[in-house]
Amino acid sequence: MTTEPSTRVMTVTPQAVAEAVRCLRAGGLVAFPTETVYGLGADATNARAIARLYEAKGRPAFNPLIAHVRDAAAARDLGKLDPVANRLAEVFWPGPLTLVVPRQPDCPVAELATAGLATIALRVPAHTVARDVLAAFGEPIAAPSANRSGHVSPTTAQHVLSDLRGRINLLLDGGPSPVGLESTIVACIGEPKLLRSGGLPRIDIERVLGHPFADGPPSVETGDEAPIAPGQLASHYAPRTPLRLNANSVRAGEALLAFGQPSALGSDPALGVLNLSPGGDMIEAAANLFSYLRALDALGAPAIAVMPIPQTGLGEAINDRLQRAAAPRPGV
Ligand code: TXA
Ligand code: MG
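Cut-offs used in this document
- Residues numbered from 1 in each chain as written.
- Chains lettered and ligands numbered in written order.
- Predicted model: local features only at pLDDT ≥ 70, side-chain atom pairs only at ≥ 80, totals over all residues.
- Heavy atoms only, no water.
- Helix = DSSP H or I, 4+ residues; strand = E, 2+ residues; numbered from the N terminus.
- Buried < 20%, exposed > 50% of the residue type's maximum accessible area, 1.4 Å probe, protein only.
- Contact = heavy atoms within 4.5 Å.
- Areas by Shrake-Rupley, 256 points an atom, 1.4 Å probe, with all protein chains shown as cover.
- Near = heavy atom within 4 Å.
- Polar contact = N/O pair within 3.5 Å; in protein donor to acceptor, adjacent residues only side chain to side chain.
- Nonpolar A, V, L, I, M, F, W, Y, C, P; charged D, E, K, R; others polar.
- Pairing = 2+ DSSP bridges.
- Axes fitted to C-alpha atoms, helices over the stretch in contact; angles between N-to-C directions.
- Parallel < 35°, antiparallel > 145°, perpendicular 65-115°, else oblique.
- Left-handed = near helix turned anticlockwise from the far one by under 90°.
- Salt bridge = Lys/Arg side-chain N within 4 Å of Asp/Glu carboxyl O.
- Core = buried A, V, L, I, M, F, W, Y, C linked by side-chain atoms within 4.5 Å.
- Domains from an automatic or database assignment.

The subject of this paragraph is the overall build of the protein chain. Scanning the protein chain from N- to C-terminus turns up 9 helices and 14 strands. For the protein chain, the residues scored as buried account for 52% of the 332 residues in total. A separation of at least 24 residues holds for 68% of the contacts in the protein chain among residues at least 6 apart in sequence. Accessible surface, the protein chain: about 13,900 Å² in total, of which carbon and sulfur atoms supply 54%.

This part is about the site of ligand 1. For ligand 1, the set of nearby residues contains 24 residues, the closest of which are Thr 36, His 68, Arg 123, Ser 183 and Arg 196. Side-chain polar atom of Thr 36 to an oxygen atom of ligand 1: 2.7 Å apart, as the coordinates give it. In the model, an oxygen atom of ligand 1 is placed 3.0 Å from a nitrogen or oxygen of the Ser 145 side chain. In isolation ligand 1 offers 680 Å² of accessible surface; the protein chains occlude 97% of this area. Of all the secondary-structure elements, those providing two or more residues to the shell around ligand 1 are β4 (66–68) and β6 (119–123). For the shell around ligand 1, the class distribution of residues is 13 nonpolar, 7 polar and 4 charged.

The 10 strands lie next to each other as β1-β8-β2-β3-β7-β4-β6-β5-β9-β10, forming an open sheet whose pairing is mixed. With one partner strand each, in any of the chains shown, β1 (8–11) and β10 (193–196) form the two edges of the open sheet. Summarising the sheet, strand β3 (residues 38–43) and strand β7 (residues 141–142) pair through 2 bridges and their orientation is antiparallel. Across the sheet, the residue bridging to Asp 43 is Ile 141, located in β7.

As a further point, take the pairing of strand β2 (residues 30–33). Here β2 shows no split at all, with Val 30 and Phe 32 on one side and Ala 31 and Pro 33 on the other all buried. Pairing geometry for β2 and β3, over 4 bridges, is antiparallel. Bridge pairing links Pro 33 to Tyr 38 in β3. Between β2 and β3, which pair antiparallel one after the other, the connecting turn spans 4 residues. Sheet analysis places β2 next to strand β8 (residues 170–173), joined by 2 bridges and oriented parallel. Across the sheet, the residue bridging to Val 30 is Leu 170, located in β8.

Let us look at the packing of helix α1 (residues 14–25) against helix α5 (residues 128–137). The N-to-C vectors of α1 and α5 enclose an angle of 55°; their axes lie 9 Å apart at closest approach. When the interaxial angle is binned, α1 and α5 end up oblique. Between α1 and α5 lies a crossing of right-handed hand. Of the residues in α5, those in contact with Val 17, Ala 20, Val 21, Leu 24 and Arg 25 of α1 are Asp 132, Val 133, Ala 136 and Phe 137.

Within the structure shown, the criterion is met by 10 salt bridges. Here Arg 22 and Glu 19 are joined by a salt bridge, their closest N and O atoms 2.8 Å apart. Of the two residues, Arg 22 and Glu 19 are both situated in helix α1; the distance of 3 residues between them amounts to about one turn of the helix. Across the pair Glu 206 and Arg 202 runs a salt bridge whose closest N-O atoms are separated by 3.1 Å. On the criterion of helical spacing, the pair formed by Glu 206 and Arg 202 is a turn pair, its members being 4 residues apart in helix α7 (residues 202–209). The partly exposed category is assigned to Arg 202, whose relative accessible area is 33%. Put simply, Arg 8, Glu 19 and Arg 22 are held in one network by salt bridges that share partners.

Turning our attention to the sheet that holds strand β11 (residues 243–244). Two orientations exist for strands paired in a sheet by backbone hydrogen bonds: parallel and antiparallel. What the 4 strands build is an open sheet, ordered β11-β14-β12-β13; its pairing is parallel. Looking at the sheet topology across the chains shown, the edges are occupied by β11 and β13 (273–275). Here 3 bridges tie strand β12 (residues 255–258) to strand β14 (residues 304–306), and the two strands are oriented parallel to one another. Residue pairing across strands places Leu 256 opposite Ala 305, the latter belonging to β14.

Counting 75 residues, the largest nonpolar core has Phe 62 and Leu 99 as its most contacted members. Residue contributions to this core peak at 9 residues, all from helix α8 (residues 282–297). Both domains that meet at this core, namely domain 1 (2–209) and domain 2 (243–326), each give it at least three residues. Membership of the second largest hydrophobic core comes to 18 residues, among which are Met 10, Ala 16, Val 21 and Val 129.

A few words on the side chain of Ser 177. Within the secondary structure, Ser 177 sits in the loop between β8 and β9 (184–187). When near neighbours in sequence (up to four residues on either side) are disregarded, Ser 177 contacts Thr 34, Glu 35, Thr 36, Val 37, Tyr 38 and Thr 155.

Without other data, these values stay purely geometric and don't point to any function.
Printed below as a string of structure tokens:
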């Protein structure tokens, strides 16, 4: 299913900020300027809104999103900042720096927004429009760059429109993004690692750290939102229970991740069944994917049978994730 909202464009006024908040609360998609590039925002705590966001970007895989917050205190509600992360936050926030840190156990951000990972990317932007929207909304905003997958990041409202007109609800036009490069991303999980070069020069960060990054600069990104620095972080959520994909029947003891009408499978699974979307709605299915995988994993069944998911719309990203989760992997 593809919804095609008409895109409203507003120059920035208090009314426009209020409209952005109304739209975010309703689960809508709002593009807004940050000092780095324009972001495509959705309520980070609303899994369905996040599923719509992935659909609007047209990306064939779920990639974790940056949660934008208004200050470091709000960031600490979502993630665990160690002393190094706190120091970087103190010096560089608000600004073009994103910190990847462990998620707080009670972090309200939707699992889909962090692609099921145990870590979360956090950023406090400096742009007044982003800050006004964050302050008025009061919740974290998940926002990737506001471009279609595979295109370059947008630094003007016109760029956003040419990629996303008709796919998002509202665009706040705040003029060109002054930095024009995405945020620099640093993982603070143990030894700090530079995951993406960006608007904040590496040397500035190293000066605060008191030493160079151990790994030097990251390898060049291979595309828009390509999973960064593979191998440096546990980059995919993987359940411990083996997945059996495209299952047309349930075997003894298996749990079942269903889609559509599971009656087609005949028998009831002994342990548990969760249905991603009984009505076959891809947005609903994406919104449920990670939390249902986790819940079924916790049952301790010998396997999770997964019904076939069509490749339409978000189905491509759902299947990408399921295939990664099912693939044999090196010891964790
Ligand atoms: O300047 C920016 O960072 C812009 C503005 C809108 O804030 N946002 C942006 O988001 O560039 P996006 O989604 O286009 O790129 C974010 C990158 C992706 O490569 C993603 O894989 C990575 O951050 N990322 C997010 N969460 C992560 C995590 N938990 N671990 C590792 N990488 C993560
Ligand atoms: Mg991007």
